[in-house]
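# Summary of the model geometry
Listed below are the residues making up each chain.
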Number of protein chains: 2
Amino acid sequence: MLMIELEDNEKEPLYEQIYEQIKHQIQMGDLPQKTKLPSARKLAAYLDVSRNTVDFAYGQLAAEGYIESRPRSGFYVCQVEELAALDIHVETEEVRGGEKKAQMPYDFSPSGTDMEYFPYHVWRKLLKEIMINDNSELFQKGDPRGDYELRRSIMYYLRQSRGVHVHASQIVIGAGMENLLFLLRQTFGKKCVVGLENPVYTNACGILRELGFGIRPVAMDHNGLNVDDLRKIDADLAYVTPAHQYPTGVIMPAGRRGQLLRWAREKEERYIIEDDYDSEFRYHGKPIPALQGLDSSEKVIYMGTFSRAIAPAIRVGYIVLPPKLLDLYHKNVTAFSCSVSRIDQKVLTLFLSEGHFERHLNRMRNLYKEKHDLLLECIRKNIPGASVSGEGAGVHLIVNFHIREKEEFEQKLRQQGVVIYPLSFYYIEGTPREEQYILGFTRMKKEDMIEGTRRIGNILSMIK
Amino acid sequence: MLMIELEDNEKEPLYEQIYEQIKHQIQMGDLPQKTKLPSARKLAAYLDVSRNTVDFAYGQLAAEGYIESRPRSGFYVCQVEELAALDIHVETEEVRGGEKKAQMPYDFSPSGTDMEYFPYHVWRKLLKEIMINDNSELFQKGDPRGDYELRRSIMYYLRQSRGVHVHASQIVIGAGMENLLFLLRQTFGKKCVVGLENPVYTNACGILRELGFGIRPVAMDHNGLNVDDLRKIDADLAYVTPAHQYPTGVIMPAGRRGQLLRWAREKEERYIIEDDYDSEFRYHGKPIPALQGLDSSEKVIYMGTFSRAIAPAIRVGYIVLPPKLLDLYHKNVTAFSCSVSRIDQKVLTLFLSEGHFERHLNRMRNLYKEKHDLLLECIRKNIPGASVSGEGAGVHLIVNFHIREKEEFEQKLRQQGVVIYPLSFYYIEGTPREEQYILGFTRMKKEDMIEGTRRIGNILSMIK
């Protein structure tokens with residue numbers, strides 16, 4: 001007879017106890033293969049439980065393949081030789097990423113968004129409108145490129161604000177730059193070599209590298225990416241940020257744009273990736289129109305994001321594919337659904353089409369302009385001798401403190417709770433002749449800017 | 001002098017008109033390179049506008065690189081030879097994906113979710129709680145694996161409901177199976193060959209193929225994937241759905257699970273991908289525990305999703321990496337943020353931790369069980385001679401109508417507005433000896449099931 005001990009236990013029903021104990025004996029080899037189990041009727045009588053209870057336990061064991069029923073004979077143990085050690089202890093520790101980095105009080109980080117003006121109430125209202133039963137269609141799978149209504153709203157925005165020549169059918173929505181560059185790689189369907197501005201937006205470089213793109217740094221001059229140098233390497237793609245180069249802040253002038261387009265036209269397979277990542281933030285003059293709007297030969301892949309203008313957590317970006325590439329996309333990318341939740345897509349559609357985005361952008365632009373101007377003023381006042389570049393747009397400044405004792409300077413900054421970002425970190429290869437630093441201002445409080453620059457000034461006056 | 005005509009036009013400010021006309025003349029070559037522009041003072045006097053207006057237009061032209069300022073001399077036209085044809089007409093049509101497929105009245109599709117019981121009010125309530133200013137941290141970038149709180153909630157769920165041995169640190173969140181398989185490919189960092197059940201979940205096969213995995217179909221028998229056949233091909237990975245094989249509904253018994261684990265242990269680099277896609281839906285007996293729970297040698301990559309249990313639009317899935325692979329993941333996947341919006345992550349965390357998911361699952365299980373039982377009954381009553389398999393779990397049945405005139409049958413079905421899904425469609429290679437059909441029931445109304453099966457029965461009685 002089977003060794004089964006039942007406890008009158010509220011937590012574990014009787015059938016569960018029978019099931020668990022027989023399973024355990026089979027796994028441990030105590031009930032070898034081909035052993036015949038007692039009939040359900042007999043076992044029920046022996047254990048003093050109802051016949052149903054045993055039937056249920058046997059049924060589950062059979063469904064999981066521990067025992068099998070042979071017609072007109074009964075239940076037999078199946079062959080399950082190799083399941084001995086079951087209760088392994090997962091020892092992996094929650095180490096990486098689990099702990100938060102200690103926050104430094106004066107962190108001039110160039111990433112992140114000031115959430116003070118985030119229109120929570122609008123977002124809540126839109127979500128409330130969407131989350132109703134009538135919208136059940138929204139919870140099924142959608143167009144892999146993203147919902148048409150969102151692509152249309154983005155089309156209008158890009159035409160009007162960025163001078164992009166675009167039809168909604170050319171737009172593909174994705175969860176962040178990672179996803180968009182991935183889709184691009186799938187579209188090309190082969191290994192491509194990409195020339196990148198050096199220094200560069202390190203995230204883009206890292207993503208391209210991990211996606212298997214060949215990475216070739218191309219020197220920058222005061223007009224942006226050097227097209228003569230680009231021509232020397234055998235690149236299929238050029239990744240550029242013409243409206244406001246990241247991180248140097250250089251605006252690519254019309255002449256250089258023309259040269260770059262000519263480079264692309266020289267070979268059938270060449271394309272330009274235009275990352276228009278922070279074009280919304282220009283504080284003087286009109287926005288610089290997109291390179292894509294100057295392109296008459298279907299050579300520019302335009303890329304944009306809402307992460308910067310709305311919030312980094314809003315993982316919605318888009319690419320605009322030139323018609324030639326759009327055909328290739330439809331041919332090579334067939335198995336992937338849109339990576340953005342349709343609810344998020346719908347909120348964003350309404351946010352754009354009802355004018356909230358424009359209003360939000362105006363407020364953010366004013367806020368960032370104030371912070372930009374204040375940081376400029378603080379640097380001039382508190383850090384004599386520092387030279388600033390890349391101003392007038394974006395969400396950070398480039399500052400040259402003209403120092404030699406780089407290590408000592410950076411060590412003292414850390415001691416004083418100040419974090420600024422060396423430009424050399426953004427170089428794919430080589431280092432700048434003279435170190436410069438990125439000072440971002442989006443997430444910085446105004447009083448911290450004043451105190452932070454004062455501390456930098458003090459340190460400089462000590463070590464100089 | 002420049003040819004500039006100003007209109008007193010409310011829509012277009014004067015500086016904008018000056019800027020646009022000079023830009024156009026430069027682009028058209030009417031103002032050749034090195035042409036000296038009139039001084040801002042002179043042009044302002046000539047056009048009878050304020051000096052500021054011209055300064056503003058010149059400033060913008062200079063910022064965009066159409067003109068340049070030479071110290072103590074004035075503004076000169078830059079070299080912009082190649083920007084002639086600007087206003088290209090984007091002709092791409094919104095063809096693909098734009099139109100909706102005509103809905104057939106009796107569509108037994110196996111995909112999609114019945115949204116009747118979706119807890120809109122709960123979701124709205126949770127969103128409302130989240131979208132407050134205090135949560136501004138939530139709008140910044142998070143852990144690339146997904147937020148710890150969500151991973152912990154999933155950990156508890158998997159331990160309790162699926163017998164998975166897991167720590168939160170092993171879980172990686174992603175926007176759907178596409179993203180998770182992509183992350184897996186990045187983790188391996190090399191081309192892997194994967195053995196797949198044949199027939200198979202076609203989406204998984206398509207995604208793996210487009211991601212560059214080598215695809216090898218492996219025959220199924222009544223216990224699932226045939227491990228002897230798997231051993232004959234040189235695969236690094238086996239993709240299986242042991243709890244309820246898609247599409248056949250076979251449950252992999254304990255003995256076969258052991259064989260499969262042994263196969264994986266035979267070589268260092270071998271792994272099993274367990275896709276536990278619809279394990280929540282089993283209508284008789286306890287759920288079938290995950291294969292992962294039987295694995296003591298870090299060989300199983302467990303994969304799950306909330307798309308089926310909540311809604312396809314909720315693009316949240318997860319993988320559980322065995323500790324060995326987790327190290328590789330941290331080494332090889334460094335540039336990718338989590339593809340799921342943090343707001344969605346937070347809603348889902350609360351949905352799980354506050355018990356809503358369990359309640360929702362119970363309601364859905366009851367709803368689907370009713371539909372499952374009704375469909376079974378309808379087939380028995382309305383389609384005499386049909387044999388059903390794969391019942392008792394999941395969201396579809398496999399039906400063999402024992403017909404020879406396949407084409408005629410399917411044509412007549414379409415004429416009658418009935419859509420059922422041939423099993424042969426799910427074969428990577430070969431075809432089944434006898435055609436069978438998938439009849440899904442999630443999105444089907446009960447009265448349509450009755451009428452749909454009646455129509456199938458009528459057609460069969462006509463052509464047999």
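Residues numbered from 1 in each chain as written. Chains lettered and ligands numbered in written order. Predicted model: local features only at pLDDT ≥ 70, side-chain atom pairs only at ≥ 80, totals over all residues. Heavy atoms only, no water.

It is worth spelling out the relation of the copies chain A and chain B at this point. Laying chain A over chain B is done by rotating through 180° and shifting 0.0 Å along the axis; what remains is an RMSD of 0.1 Å. Seen this way, the second copy is the image of the first under a two-fold rotation axis. A share of 99% of the interface residues of chain A reappears at the interface of chain B, consistent with the copies meeting face to face through the same patch. (Least-squares fit on C-alpha atoms with pLDDT ≥ 70 in both. Contact = heavy atoms within 4.5 Å.)

Following the UniProt record, the feature "domain: HTH gntR-type" (unreviewed entry) maps to residues 12-80 of chain A here. The distance from the first to the last C-alpha atom of residues 12-80 of chain A is 25 Å, and the span holds 51% helix and 12% strand. (UniProt positions renumbered as here; feature names shortened; annotations may be inferred. Helix = DSSP H or I, 4+ residues; strand = E, 2+ residues; numbered from the N terminus.)

Owing to its 3.6 residues per turn, the α-helix aligns residues three or four sequence positions apart on the same side. Residues and elements named next belong to chain B. Of all the residues in helix H2 (residues 40-47), the buried ones are Ala-40, Leu-43, Ala-44 and Leu-47. For H2, the angular spread of buried residues about the axis comes to 100°, placing them on one side. Projecting away from the buried face of H2 at angles above 90 degrees are the exposed residues Arg-41 and Ala-45. Where the residues of H2 are buried, they touch helix H1 (14-27) and helix H3 (51-63). (Buried < 20%, exposed > 50% of the residue type's maximum accessible area, 1.4 Å probe, protein only. Arc of directions from axis to C-beta.)

Across all of its chains, the model carries ten cavities of 30 Å³ or more by this definition. Approximately 230 Å³ is the volume attributed to the largest cavity. If you trace the largest cavity, you find 25 residues lining it, with Asn-179 and Ser-339 of chain A together with Asn-179, Phe-182 and Ser-339 of chain B closest to the centre. Elements represented by at least two residues in the lining of the largest cavity include exactly helix H6 (176-188) of chain A together with strand E4 (171-174) and helix H6 (176-188) of chain B. Residue composition of the lining of the largest cavity, by class: 17 nonpolar, six polar and two charged. Its volume calculated, the second largest cavity comes out at about 120 Å³. Around the second largest cavity sit 15 residues that line it, and Ser-341, Ile-343 and Asp-344 of chain A together with Trp-123 and Asp-344 of chain B are the ones nearest its centre. If you list the elements that add at least two residues to the lining of the second largest cavity, you get helix H4 (120-130) and helix H11 (342-353) of chain A together with helix H4 (120-130) and helix H11 (342-353) of chain B. Here the lining of the second largest cavity takes four residues from H11 of chain B, the largest share from any one element. (1 Å grid on protein atoms, 1.4 Å probe; cavity = no way out; pocket = protein on both sides within 12 Å on 5 of 7 lines; lining within 4 Å. Points joined across faces, edges and corners; volume = space filled by probe spheres on them. Nonpolar A, V, L, I, M, F, W, Y, C, P; charged D, E, K, R; others polar.)

Now for the pairing of strand E8 (residues 237-240) of chain B. A regular strand places its side chains on the two faces of the sheet in alternate fashion. Residues and elements named next belong to chain B. Of the two faces of E8, the one carrying Leu-237 and Tyr-239 and the one carrying Ala-238 and Val-240 are both buried. Sheet topology places strand E5 (residues 193-198) next to E8; three bridges connect them, and they run parallel. In the strand pairing of E8, Gly-195 is matched with Ala-238. Following the backbone out of E8, through helix H9 (residues 254-265) and into the adjacent parallel strand E9 (residues 271-275), one traces a crossover that is right-handed. (Pairing = 2+ DSSP bridges. Right-handed = clockwise from strand over helix to strand, strands pointing away.)

Residues and elements named next belong to chain A. Here H6 crosses helix H10 (residues 323-332) at 85°, and the two axes come no closer than 8 Å. By the angle between their axes, H6 is roughly perpendicular relative to H10. Contacts between H6 and H10 involve Gln-186, Thr-187 and Phe-188 from the first element and Leu-325, Leu-328, Tyr-329 and Asn-332 from the second. Residue composition of the contact of H6 with H10, by class: four nonpolar, three polar and no charged. (Axes fitted to C-alpha atoms, helices over the stretch in contact; angles between N-to-C directions. Parallel < 35°, antiparallel > 145°, perpendicular 65-115°, else oblique.)

Now for the side chain of Asp-278 of chain A. Residue and element names in this part refer to chain A. By secondary structure assignment, the location of Asp-278 is in the loop between strand E9 (271-275) and strand E10 (300-305). Of the buried charged residues, Asp-278 lacks a salt bridge, with Arg-308 as the closest side chain of opposite charge at 5.3 Å. Within the structure, Asp-278 has its side chain in polar contact with the side chain of His-244 (distance 3.2 Å). Excluding anything up to four places from it in sequence, Asp-278 contacts His-244, Arg-308, Gly-394 and Val-395. (Lys, Arg positive; Asp, Glu negative; His and termini not counted. Salt bridge = Lys/Arg side-chain N within 4 Å of Asp/Glu carboxyl O. Polar contact = N/O pair within 3.5 Å; in protein donor to acceptor, adjacent residues only side chain to side chain.)

Turning our attention to the interface of chain A and chain B. Of the residues lining the interface, 109 residues belong to chain A; the matching set on chain B comes to 108 residues. Roughly 8500 Å² of surface becomes buried between chain A and chain B when both sides are summed, with 56% attributable to carbon and sulfur atoms. The interface formed by chain A and chain B holds zero salt bridges in total. Inspection of the chain A/chain B interface yields 16 residue pairs in polar contact (both at pLDDT 80 or more). Top element by residues in the side of chain A that touches chain B is helix H9 (residues 254-265) of chain A. It accounts for seven residues. (Buried area = accessible area lost by both parts, 1.4 Å probe.)

Residues and elements named next belong to chain A. A sheet is described by the order of its strands in space; here eight strands give the open sequence E4-E11-E10-E9-E8-E5-E6-E7, paired in mixed fashion. In this open sheet, the two edge strands, each paired with only one partner strand, are strand E4 (171-174) and strand E7 (224-225). Looking at chain direction, E9 and E10 are connected through four bridges and run parallel. In the strand pairing of E10, Ile-272 is matched with Val-300.

When charged atoms on two side chains of opposite charge get close, those side chains can pair. Residues and elements named next belong to chain A. Taken as a whole, this structure holds 48 salt bridges over all chains when the rule is applied. Across the salt bridge formed by Glu-435 and Lys-406, the nearest N and O atoms sit 2.9 Å from each other. In this pair, Glu-435 is assigned in the loop between strand E15 (421-422) and strand E16 (437-440) and Lys-406 in helix H13 (residues 406-415), connecting sequence segments 29 residues apart. Residue Lys-406 is classed as partly exposed on the basis of its relative accessible area, which comes to 23%. Where salt bridges share partners, they join Asp-228, Arg-231, Glu-266 and Arg-270 into one cluster.

Applying the stated criterion across every chain, the model contains 43 aromatic pairs over all chains. On the numbers, 5.3 Å between centres and 75° between planes, the contact of Phe-182 of chain A with Phe-336 of chain A is edge-to-face. Note that Phe-182 of chain A is positioned in helix H6 and Phe-336 of chain A in the loop between H10 and H11, a separation of 154 residues in sequence. Among the residues examined, Phe-336 of chain A registers a relative accessible area of 7% and is labelled buried. Each ring, one from Phe-306 of chain B and one from Phe-357 of chain B, has its centre 5.4 Å from the other, and the planes form 80°; the classification is edge-to-face. One end of the pair, Phe-306 of chain B, is in the loop between strand E10 (300-305) and strand E11 (317-320); the other, Phe-357 of chain B, is in helix H12 (residues 356-382), and 51 residues separate them in sequence. Using a relative accessible area of 3% as the deciding quantity, one classes Phe-357 of chain B as buried. Taken together, the aromatic side chains of Phe-118, Tyr-120, Trp-123, Tyr-157, Phe-306, Tyr-318, Phe-351 and Phe-357 of chain A make up a single cluster linked through ring pairs. Sitting over the face of the ring of Tyr-117 of chain A, Arg-363 of chain A holds its NZ or CZ atom 4.7 Å from the ring centroid. (Phe/Tyr/Trp six-rings, centres within 6.5 Å; stacked < 30°, edge-to-face > 60°. Lys NZ or Arg CZ within 6 Å of the ring centre and 35° of its normal.)

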